Amino acid sequence: MKAHPSGHYAKGSDRSLIDARVDQAVCQYPDHPLAAELLWLAEQYRKLEARFNKITSISDRLQEQVLETNTNLKAQAQSDQMTGLLNRLGFMEQFKIRGESLPYGLLLLNLDNLDKVNIDFGYRAGDQAVLDVASTLRSLIRSDDIVARWGGEEFMILAKEAGPDALLEVARRLLLAVGRIVVPGPKPEQLSASIGVYLCCDREKPSLGISRVDAALWQAKRQGGGRIVIYSESYQPDHLGSDLS
Amino acid sequence: MQLIERAATASTPFIRMDPSNGWIELRGESYPANSYEFYGPVLDWMKEYIESGNPVSVFFAIAYANTSSVKVIFDMLDLLEEAFNRGQNVHVAWSYDFRNTRLAEVIAEFQDEVSFQFTVHNVPGS
């Protein structure tokens, strides 16, 4: 094995060099009064080097453990505990990265009758409905797209490089699929959803797209729910609280 | 000799050293800003206790240690190894959470360095 030019990583070669020099010195001056001392010092050096290597390798391993914990904590902080989808924080992190490639579409889906399910069937049934919606969305989006649980009954989807027709098609499929989910019971309840759609073709702040898709969803809800509304300039993004009553 | 007990902090472990039975305990995480300053009195206590020749038991439940703390743990093990080689009764136990596989490897590295009894215990949540 060739010694590393700096010698930092060539501990094997360094050690044999020390051994060779000590052997040579002891052979050359076998009766020297300091020969025993030299051998002792060489032994101390070997022990110290072994200990040094051990401490650094233990330290590296413990550091890996910290890195792993950090990664896990980050993943936990960015995912929705119930559905396993990304949460708002996780979505925004991904959105900032993926929203760089234009055009992209945002779809904001809101369940119209989750409150009713919770009241009539209980919270457990409501939770199950949310889980069913999450797995439906997950199975229907493309692998490049991302879906997040945006709120209790809201899901945000980022569809990459989607034109207006494709985006609308995705929204239709999602609306249909969610509408097929039935909450079982004596009087089964079919889920219903509203979807706001926004197509972004120009570079803009992520928050603008979010407020626009939100405005489109709000229009869909205002029109009675169970429908898809594509964002139009005439919708005011800062509607919330003003017109809901 | 005095009983020493220090409460754990965010970066230092709980420490208890009891001269009545030679029981030394370190629990928690160890990354003090200055390990040598923090552990200096602990090592001094150990040295003094070991001189008594009485049996000594050290219980570690350290889940994380920074580099200088790792060095200090080796210094402790060296002191214990010397005592053991002089015929003193020495026992070290280390408890860890079995889900922490890296820590298991680290403990095995410490174990390799000594010839006295060094037992490892799987305690979930430790």
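Everything below is about the structure shown above.
Residues numbered from 1 in each chain as written. Chains lettered and ligands numbered in written order. Predicted model: local features only at pLDDT ≥ 70, side-chain atom pairs only at ≥ 80, totals over all residues. Heavy atoms only, no water.

S.K.: Kindly report on the nonpolar core, identifying the contributing residues and their values.
M.R.: Counting residues in each nonpolar core, the largest one holds 41 residues, and the members touching the most others are B:Phe60, B:Leu77, B:Leu80 and B:Phe110. Listing elements by their share of this core, those giving two or more residues are helix H2 (35-77) of chain A together with strand E2 (14-18), strand E3 (23-30), helix H1 (35-51), strand E4 (56-65), helix H2 (67-85), strand E5 (90-96) and helix H3 (101-112) of chain B. Sorting elements by how many residues they give to this core places H2(B) first, with 9 residues. Discounting chain neighbours no more than four positions away, the residues touching B:Phe110 are A:Ile58, B:Val70, B:Ile73, B:Phe74, B:Leu77, B:Trp94 and B:Phe118. (Core = buried A, V, L, I, M, F, W, Y, C linked by side-chain atoms within 4.5 Å. Buried < 20%, exposed > 50% of the residue type's maximum accessible area, 1.4 Å probe, protein only. Helix = DSSP H or I, 4+ residues; strand = E, 2+ residues; numbered from the N terminus. Contact = heavy atoms within 4.5 Å.)

S.K.: Kindly report on the sheet that holds E3(B), identifying the contributing residues and their values.
M.R.: Residue and element names in this part refer to chain B. Taken in spatial order, the 6 strands make up an open sheet running E1-E2-E3-E4-E5-E6, and their pairing is mixed. Bordering the open sheet on either side are strand E1 (4-6) and strand E6 (117-122), each of which pairs with just one other strand. Put simply, the sheet's adjacent strands are angled 15° from each other on average, direction ignored. Here E5 pairs with E6 via 6 bridges, running parallel. The residue bridging histidine 91 from the neighbouring strand is glutamine 117, located in E6. The sheet contacts of H1 involve E1, E2, E3 and E4, and relative to E2 the element is tilted by about 20°. (Pairing = 2+ DSSP bridges. Axes fitted to C-alpha atoms, helices over the stretch in contact; angles between N-to-C directions.)

S.K.: I'd like to hear about the interface of chain B and chain A, residue by residue, with values.
M.R.: Facing the 17 residues of chain B at the interface are 13 residues of chain A. Carbon and sulfur atoms make up 56% of the area that chain B and chain A hide from each other, which totals about 1,500 Å². Per-residue buried area on chain B facing chain A is highest for B:Tyr64, B:Arg102 and B:Glu109; these three make up 40% of the total on that side. The interface formed by chain B and chain A holds 8 salt bridges in total. One salt bridge in this structure joins A:Arg51 and B:Asp78, with 2.9 Å as the shortest N-O distance. Taken together, the connections running from chain B to chain A amount to 10 residue pairs in polar contact (both at pLDDT 80 or more). (Buried area = accessible area lost by both parts, 1.4 Å probe. Salt bridge = Lys/Arg side-chain N within 4 Å of Asp/Glu carboxyl O. Polar contact = N/O pair within 3.5 Å; in protein donor to acceptor, adjacent residues only side chain to side chain.)

S.K.: Residue-level account of the pattern of salt bridges, with values.
M.R.: This model, assessed by the stated rule, comprises 24 salt bridges over all chains. The shortest N-O distance in the salt bridge between A:Lys54 and B:Glu109 comes to 3.5 Å. Taken together, the positions of A:Lys54 in helix H2 and B:Glu109 in helix H3 put the pair across two chains. On the accessibility criterion, A:Lys54 (12% relative accessible area) is buried. By relative accessible area, which is 16% here, B:Glu109 ends up buried. Note that A:Lys74 and A:Glu93 form a salt bridge whose closest N and O atoms lie 3.3 Å from each other. Highlighted residues: A:Lys74 in helix H2 and A:Glu93 in helix H3 (residues 88-98), separated in sequence by 19 residues. Overall, the relative accessible area of 32% leaves A:Glu93 in the partly exposed class.

S.K.: Explain helix H7 (residues 206-222) of chain A residue by residue, including any values.
M.R.: Residues and elements named next belong to chain A. Taking 1.5 Å of rise per residue, the 17 residues of H7 would be expected to cover 24 Å, and the 24 Å separating its terminal C-alpha atoms lies within 8% of that figure. Three or more residues of H7 are buried, namely Gly209, Ile210, Arg212, Val213, Asp214, Ala215, Ala216, Leu217, Trp218, Gln219 and Ala220. Considering only its buried residues, H7 is in contact with H3, strand E1 (104-111), strand E3 (154-160), strand E6 (193-200) and strand E7 (228-230). Just beyond H7, the residue with positive phi is glycine 224, at close to 110°. (Expected span 1.5 Å × (residues − 1).)

S.K.: Requested: an account of the pairing of E5(B), with residues and values cited.
M.R.: Residues and elements named next belong to chain B. For E5, a buried count of 6 out of 7 residues is recorded, marking the element as mostly surrounded by other parts of the structure. After leaving E4, the chain enters H2 and then returns to the sheet as E5, a path that is right-handed. Crossover E5 to E6 through H3 is right-handed. (Right-handed = clockwise from strand over helix to strand, strands pointing away.)

S.K.: How would you summarise the environment of A:Arg203 if you had to cite specific residues and measurements?
M.R.: Residues and elements named next belong to chain A. Following the sequence through the fold, arginine 203 ends up in the loop between E6 and H7. On the accessibility criterion, arginine 203 (57% relative accessible area) is exposed. Expressed as a C-alpha distance, the spacing of arginine 203 and glycine 99, which sit 104 residues apart in the sequence, is 8.6 Å. In this view, arginine 203 contacts Glu100 and Leu102; residues no more than four positions away in its chain are not counted. Side-chain polar atoms of arginine 203 contact the backbone oxygen of glutamate 100, separated by 3.2 Å.

S.K.: Provide a residue-level description of the packing of aromatic side chains, including the pertinent values.
M.R.: Going through the model one piece at a time under the given rule, you end up with 12 aromatic pairs over all chains. Each ring, one from B:Tyr31 and one from B:Tyr64, has its centre 5.6 Å from the other, and the planes form 70°; the classification is edge-to-face. Of this pair, B:Tyr31 sits in the loop between E3 and H1 while B:Tyr64 is found in strand E4, placing the two residues 33 residues apart along the sequence. When its relative accessible area of 34% is taken as the criterion, B:Tyr31 is described as partly exposed. Under the relative-accessibility criterion, B:Tyr64 is labelled buried at 16%. Ring plane angle 70° and centroid distance 6.1 Å describe the contact between B:Phe84 and B:Phe116, whose orientation is recorded as edge-to-face. Of this pair, B:Phe84 sits in helix H2 while B:Phe116 sits in the loop between H3 and E6, and the two are 32 residues apart along the sequence. Take B:Phe84: its relative accessible area is 31%, and that puts it in the partly exposed class. Ring-pair connections join several aromatic residues into one group, and the members of that group are A:Phe91, A:Phe95, A:Tyr104 and A:Trp150. Looking at B:Arg6, its charged tip hangs above the ring of B:Phe38, at a distance of 4.6 Å from the centre. (Phe/Tyr/Trp six-rings, centres within 6.5 Å; stacked < 30°, edge-to-face > 60°. Lys NZ or Arg CZ within 6 Å of the ring centre and 35° of its normal.)

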